[in-house]
Number of protein chains: 2
Amino acid sequence: MPRSNRRTGADGDDPVNKGTREPWGPTKRLSSSIYEEVRERICLMRYPPGSVLREVELAGEFGVSRTPIRQVLQKLESEGFVEAKNGVGTIVTGFDFLAMRDIYELRLKLAELIGQLSPNPCLDSHCRQMEALLERARRIRAKQDTEEFWRINHERQSIIRALIGNVALRELYDRYYYLTARVWFQVVEAMWDDQVDALCTELNDLLRAMRAGDTQAVAYVERNHLSYYMALIGRYVSGADRSVSAMAKR
Amino acid sequence: MPRSNRRTGADGDDPVNKGTREPWGPTKRLSSSIYEEVRERICLMRYPPGSVLREVELAGEFGVSRTPIRQVLQKLESEGFVEAKNGVGTIVTGFDFLAMRDIYELRLKLAELIGQLSPNPCLDSHCRQMEALLERARRIRAKQDTEEFWRINHERQSIIRALIGNVALRELYDRYYYLTARVWFQVVEAMWDDQVDALCTELNDLLRAMRAGDTQAVAYVERNHLSYYMALIGRYVSGADRSVSAMAKR
DNA sequence: ATTGATATTGCTGTATGCAGCTTACGGAAA
DNA sequence: TTTCCGTAAGCTGCATACAGCAATATCAAT
């Protein structure tokens, strides 16, 4: 009975392979896909801060045992997304506002460094991608498609990442992007129109800088928009509680 | 028989609790101590690049099962110290010189940020610690006590860490310290006297800056010495192979 | 003697059982 | 009605058994 244990769970609605259906190679590290999926759920606030992630539950959903799930959760814990408590569960961290400000301040400086530490040149392909992105961004103003907003931002981040020559800096920039995504995401839902405008402006500025082939300019555009978001979040949060930790739903 | 399984292995020479013997609280996350121990062994080149870390071996040595060991190794892998290959083993990464240069360049910039992102004030206690450190550093010139050198540097790093107000920056600064420690450590063994002199100079400069209560000055001292080390490593490595990956022992 | 396929060994990746910890619920006493 | 305590349930942390993969050794064929 316990043989052929590979994916004995719910195969039909496996959320990892929905749509893409990658070949996965041989056994391409089972947990990495699950990791990205769970991280995205946290960033998109489908798992709001304070909610409990149960290992058996996730294991059943993804059709694997607890072991790869634990791997995922431990990685998420080391990156600061969740916190595992013995006997209780693995709890999605609520973002402390002060910690977020620290991260944003650091991100500002890191953004400046993009143009300083061996930046990669802006290629035409990048420009074309950015153009397509801008087009898509202009189209979502009417209908509040938060998922599409998220995807566009993902790709923007992906393009920027390609311009970062310093490997360490690239990794950092990505990591903090995901770490702060939640806070910013919450703001987006609160003020949709403004955020779409801001996104279009950002993409437009980026496009201009990239067409000029000036990676340093790209870096400063990023810096300035991060600064804008930081101020926005500061104003947004100061009205409500400083900490959104209590936003659990259980 | 399998009951009372808590630490049934080699209790006598448990390398984690040698010396310190912390109370450990209730069951304070078994793997964290093992993590630090293994990381230190990698940094001190007791596990040279290319050497294979076997899970059962480590499990036996620390008196636990493979599960916590795997936890440790996965964390080390995510930080770039090792690389797990299915069917082969977990291999200590050899430091790619280019990657190291990227990290050092980034560290230079991060060091500057120490003084800019809400630095903590230099307290008298810090100065006194630093004085003691300088005293110890002056005493090791005669006998080549590499371990003591390492401990002194650890504590220097610990003091600097306390001056970093930005939580995210503090974490980063620590992480990259350990990540680059190996390269630098190798240089130390090659040119002992010079390195002791450099360390004394660094501690002295730090002490002066701290006595002045100027955290920004501390930051710049750190930056400059990192720059010095970077140039040194560049010169040292350029003579030999650019990559020390092949330095395995199997 | 050399080369090719094959068996064997040892490792990591995964699944699962057990123990301890935490919390919640329910009943008894004040 | 309220408070307190004991018990039960559920979760994570750890141990262990199993399956798959990679490398090496072995043996046969040329």
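Calculation rules
- In this numbering scheme, every chain counts its residues from 1 along its sequence in written order.
- Chains and ligands are labelled by the order in which they are written, letters from A for the one and numbers from 1 for the other.
- A pLDDT threshold of at least 70 governs which residues receive local features in this predicted model, and a stricter bar of 80 or more applies before side-chain atom pairs are shown or counted, although totals over entire chains, interfaces and linings include all residues.
- For the side-chain quantities, the full set of heavy atoms in the structure was used; hydrogens and water were omitted.
- For two strands to count as paired, DSSP must find a minimum of two bridges between them.
- Every helix listed is a DSSP run of H or I at least four residues long, and every strand listed is a run of E at least two residues long, numbered separately from the N terminus.
- The contact criterion used is simple: two residues touch if any of their non-hydrogen atoms lie within 4.5 Å.
- Computed with a 1.4 Å rolling probe, the buried area is the accessible surface lost when two parts are put together, summed over both parts.
- Here a salt bridge means any side-chain nitrogen of Lys or Arg lying within 4 Å of a carboxyl oxygen belonging to Asp or Glu.
- Within 3.5 Å is the distance limit for a polar contact, defined as a pair of N or O atoms, with the added protein rule that one can donate a hydrogen and the other accept it, and that residues adjacent in sequence qualify only through two side-chain atoms.
- Here a pair means two rings of Phe, Tyr or Trp (six-membered ring of Trp) with centres within 6.5 Å. Their orientation is stacked below 30 degrees between planes, edge-to-face above 60, and tilted elsewhere.
- Think of it in three bands: with a 1.4 Å probe and only protein chains considered, a residue is buried below 20% of the maximum accessible area for its type, exposed above 50%, and partly exposed in between.
- By definition here, charges over rings are those cases where NZ of Lys or CZ of Arg is within 6 Å of the ring centre and within 35 degrees of the ring normal.
- The convention used is that axes are lines fitted to C-alpha atoms, helices contributing only their stretch in contact, and that angles between N-to-C directions extend from 0 to 180 degrees.

Peer 1: Describe the sheet that holds strand β2 (residues 82–85) of chain A, and please don't skip the residues or the numbers.
Peer 2: Strand-to-strand pairing in sheets goes through backbone hydrogen bonds, with the strands running parallel or antiparallel. Residues and elements named next belong to chain A. Spatially, three strands are ordered β1-β3-β2 in an open sheet, and the strand pairing comes out antiparallel. A strand with exactly one partner marks an edge of an open sheet, and here the two such strands are β1 (52–53) and β2. Two strands pair when backbone bridges link them, and β1 and strand β3 (residues 89–92) are joined in this way by two bridges, in the antiparallel orientation. Across the sheet, the residue bridging to Leu53 is Thr90, located in β3.

Peer 1: Before we move on, could you go through the interface of chain B and chain A and cite the residues and values that matter?
Peer 2: Contacts between the two partners involve 24 residues from chain B, matched on the other side by 23 residues from chain A. Carbon and sulfur atoms supply 52% of the area that chain B and chain A bury against each other, a total of about 2000 Å² over both sides. It is Asp102, Leu106 and Lys109 of chain B in chain B that bury the most area against chain A; as a group they hold 21% of the surface buried on that side. For Glu171 of chain A, the salt bridge goes to Arg175 of chain B, with nearest N and O atoms at 2.9 Å. Where chain B touches chain A, the interface holds eight residue pairs in polar contact (both at pLDDT 80 or more). Within the residue set of the side of chain B that touches chain A, elements represented by two or more residues are α3 (66–79), α4 (97–114) and α7 (167–190) of chain B.

Peer 1: Quick one: what's the story with the packing of aromatic side chains, residue by residue and with numbers?
Peer 2: All names here are of chain A. Tallied over the full model, the rule gives 16 aromatic pairs over all chains. For the ring pair Tyr177 and Tyr178, a centre distance of 5.1 Å and an interplane angle of 65° mean the geometry is edge-to-face. Look at Tyr178 and you get buried, because its relative accessible area is 10%. Taken together, the aromatic side chains of Phe149, Trp150, Tyr177, Tyr178, Trp184, Phe185, Trp192, Tyr228 and Tyr229 make up a single cluster linked through ring pairs. For Lys75, the ring lying beneath its charged end belongs to Tyr35, and the centroid distance is 4.8 Å.

Peer 1: Any details on the sheet that holds strand β3 (residues 89–92) of chain B? Residues and values, ideally.
Peer 2: Residue and element names in this part refer to chain B. One open sheet holds the three strands; their spatial order is β1-β3-β2, and the pairing between them is antiparallel. Whereas interior strands pair on both sides, the edge strands pair on one side only; in this sheet they are β1 (52–53) and β2 (82–85). Sheet topology places β2 next to β3; four bridges connect them, and they run antiparallel. Looking across to β3, one finds that Val82 is bridged to Val92. The strands that α3 touches are β1, β2 and β3; relative to β2, the one it contacts most, it runs at about 120°.

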